[in-house]
Amino acid sequence: MMFDDIVKAGRYLGQSMRLMVGLPEYDTYVAHREVNHPGAPIMSYQEFFRERQQARYGGAGKRGGCC
């Protein structure tokens, strides 16, 4: 049980660190699309990365994301 908690904490820490430095979570995006938008197209990793960069650095006040 304690080992599972440590593994889970490590995953959250890793995800937090990636988000802090601006690395997008493609796997999280794909999982979200499959659960919340079944049958809808899913961007390739390259499309996703470009869209996230645009949202972060070139968004001019626009909010990114679907939900």
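What you are looking at is a predicted structure, and each value in this text was computed from that prediction instead of being measured. (Residues numbered from 1 in each chain as written. Predicted model: local features only at pLDDT ≥ 70, side-chain atom pairs only at ≥ 80, totals over all residues. Heavy atoms only, no water.)

Before going further, it helps to examine the pattern of salt bridges. Overall, the coordinates contain one salt bridge when judged by the stated rule. Glu51 is the partner of Arg52 in a salt bridge, and the nearest nitrogen-oxygen pair spans 2.8 Å. For Arg52, a relative accessible area of 29% puts it in the partly exposed group. The exposure class assigned to Glu51 is partly exposed, which follows from its relative accessible area of 28%. (Salt bridge = Lys/Arg side-chain N within 4 Å of Asp/Glu carboxyl O. Buried < 20%, exposed > 50% of the residue type's maximum accessible area, 1.4 Å probe, protein only.)

Here the protein chain shows a mean pLDDT of 82. Residues at 70 or above account for 81%. Here helix 1 (residues 2-20) stands out as the least confident element of the protein chain, with mean pLDDT 82; helix 2 (residues 26-36) is the most confident, with 91. (pLDDT = per-residue confidence, 0-100. Helix = DSSP H or I, 4+ residues; strand = E, 2+ residues; numbered from the N terminus.)

Turning our eyes to something else, we now look at the environment of Ser44. Mapped onto the fold, Ser44 is located in the loop between helix 2 and helix 3 (45-57). Sequence separation between Ser44 and Tyr26 is 18 residues, and the spatial gap between their C-alpha atoms is 8.9 Å.

Turning next to the packing of aromatic side chains. Per the stated rule, a full pass over the model turns up five aromatic pairs. Aromatic rings pair up to connect Tyr26, Tyr29, Tyr45, Phe48 and Phe49 into one cluster. (Phe/Tyr/Trp six-rings, centres within 6.5 Å; stacked < 30°, edge-to-face > 60°.)

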